[in-house]
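What follows is each chain in one-letter form.
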Amino acid sequence: MVKRLSVSVCLAALLLSIGSAVSATENKGLQAALDFRSANMIIYKWYMGPMGRMAKGEMPYDQALFRKNAEALATVARLDLLTGFPKGSLDEDSEAKPEIWENWTGFEEKFKAFQKESEKLAGVVAKGDRTATLAQFKNTGKTCGGCHKKFREK
Ligand code: HEC
């Protein structure tokens, strides 16, 4: 009886230590995922910035600069952002909404829309038509907001 008790105490201790080792690993993974998706978003913002200022007339329209930024955006849009959202990856600093995992297909669709529109933007700007470029820039920007509205806090 005593022996059986000590075995189960040992087992419980072992399970506990495995449990904390696993959660430490998971937390490491969580932070990496948060960093990864944040990094992607910051890069999107970086390339959207000059195009947005040109669209608003805050800086002169420069076809070559616009094209460079549009191509860079289309390039980073090809990276798989979705791997940065493992199931339930949330902490108090994250602005991600739980709806992402409740409606994963919807989230994927929002990402695909962004990929499609940014790719299209790179194609349109290459043709040199300013009006068409600015119209397509607007469509691209809408895909950022389209996802944020549904899946990001604030
Ligand atoms: C498929 C959905 C989706 C698309 C498309 C998307 N975002 Fe986000 N974005 C998010 C989510 C979700 C967060 C919150 C992530 C978190 O805090 O864990 C976020 C956060 C951000 C942040 C804050 C990043 C930080 O950590 O400081 C910026 C900036 C941002 N997005 C810019 C953009 C821009 C610009 C675009 C379009 C060019 C874009 N996003 C497209 C879903 C998206």
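Below you will find a few notes about this structure. (Residues numbered from 1 in each chain as written. Predicted model: local features only at pLDDT ≥ 70, side-chain atom pairs only at ≥ 80, totals over all residues. Heavy atoms only, no water.)

1. Examining the overall build of the protein chain
Within the protein chain, the secondary structure is distributed over 5 helices and 0 strands. Going residue by residue from the N terminus, the α and β elements of the protein chain occur as α-α-α-α-α. Considering the protein chain as a whole, with its 154 residues, one finds that 31% of them fall into the buried category. When contacts within the protein chain are restricted to residue pairs at least 6 apart in sequence, those whose partners lie at least 24 apart make up 71%. A total of about 10100 Å² of accessible surface is found on the protein chain, and carbon and sulfur atoms cover 61% of it. (Helix = DSSP H or I, 4+ residues; strand = E, 2+ residues; numbered from the N terminus. Buried < 20%, exposed > 50% of the residue type's maximum accessible area, 1.4 Å probe, protein only. Contact = heavy atoms within 4.5 Å. Areas by Shrake-Rupley, 256 points an atom, 1.4 Å probe, with all protein chains shown as cover.)

2. Regarding the coordination of the iron atom of the ligand
Six octahedral donors at a metal ideally form angles of 90 or 180 degrees, and four tetrahedral donors ideally form angles of 109.5 degrees. Donor atoms from the polypeptide that coordinate the iron atom of the ligand comprise Met-41 (SD) and His-148 (NE2), at 2.1 to 2.3 Å from the metal. In this structure, the iron atom of the ligand is coordinated by 6 donor atoms arranged in octahedral fashion, with angles at the metal of 87 to 179°. Taken together, the residues span a long stretch of sequence, with Met-41 in helix H1 (residues 2–55) and His-148 in helix H5 (residues 130–151) at a distance of 107 residues. Met-41 sits in the partly exposed class, given a relative accessible area of 29%. Given the relative accessible area of 29%, His-148 is considered partly exposed. (Donors = N, O, S within 2.8 Å, 3.2 Å for Na, K, Ca; no water. Tetrahedral: all angles 85-135°; square planar, octahedral: opposite > 155°, others 65-115°.)

3. Brief notes about the nonpolar core
Residues Tyr-44, Met-51, Phe-66, Leu-73, Phe-85, Ile-100 and Phe-107 are the most contacted members of the largest nonpolar core, which totals 24 residues. Among the secondary structure elements, those contributing two or more residues to this core are H1, helix H2 (63–77), helix H3 (99–102), helix H4 (104–126) and H5. Filtering out sequence-adjacent residues up to four positions away, Phe-66 remains in contact with Met-51, Met-54, Tyr-61, Leu-121, Val-125, Thr-133, Leu-134 and Phe-137. (Core = buried A, V, L, I, M, F, W, Y, C linked by side-chain atoms within 4.5 Å.)

4. What about the environment of Glu-119?
Relative to the assigned elements, Glu-119 resides in helix H4. With residues near it in sequence (within four places) discarded, Glu-119 still touches Ala-74 and Arg-78.

5. Quick look at the site of the ligand
Around the ligand there are 20 residues in total, and Ser-38, Met-41, Cys-144, Cys-147 and His-148 lie nearest to it. Residue assignment for the shell around the ligand shows that the elements contributing at least two residues are H1, H4 and H5. Among the elements that make up the shell around the ligand, the one with the highest residue count is H1 (6 residues). Residues belonging to the shell around the ligand are distributed by class as follows: 12 nonpolar, 4 polar and 4 charged. (Near = heavy atom within 4 Å. Nonpolar A, V, L, I, M, F, W, Y, C, P; charged D, E, K, R; others polar.)

6. Focus: the packing of H2 against H4
It is the contact of H2 with H4, at a shortest axis distance of 8 Å, that shows an interaxial angle of 150°. Considering their axes alone, H2 and H4 lie roughly antiparallel with respect to each other. The handedness of the crossing between H2 and H4 is left-handed. For the pair formed by H2 and H4, the contact residues are Gln-63, Phe-66, Arg-67, Ala-70, Glu-71, Leu-73, Ala-74 and Ala-77 on the first element and Phe-111, Phe-114, Gln-115, Ser-118, Glu-119, Leu-121, Ala-122, Val-125 and Ala-126 on the second. (Axes fitted to C-alpha atoms, helices over the stretch in contact; angles between N-to-C directions. Parallel < 35°, antiparallel > 145°, perpendicular 65-115°, else oblique. Left-handed = near helix turned anticlockwise from the far one by under 90°.)

7. Re the packing of aromatic side chains
In the structure shown here, the tally under the stated rule is 7 aromatic pairs. Measuring from centroid to centroid gives 5.8 Å for Phe-66 and Phe-137, while their planes differ by 85°, and the two rings are edge-to-face. Of this pair, Phe-66 sits in helix H2 while Phe-137 sits in helix H5, and the two are 71 residues apart along the sequence. Since its relative accessible area comes to 0%, Phe-66 is described here as buried. A ring pair is formed by Phe-111 and Phe-114, whose centres lie 6.3 Å apart and whose planes are at 40°; its orientation type is tilted. One end of the pair is Phe-111 and the other is Phe-114, both in helix H4 and 3 residues apart, which spans about a single turn. Each member of the pair Phe-111 and Phe-114 is classed as buried. Taken together, the ring pairs in this structure connect Phe-85, Trp-104, Phe-107 and Phe-151 into an aromatic cluster. (Phe/Tyr/Trp six-rings, centres within 6.5 Å; stacked < 30°, edge-to-face > 60°.)

In short, geometric facts, not functional conclusions.
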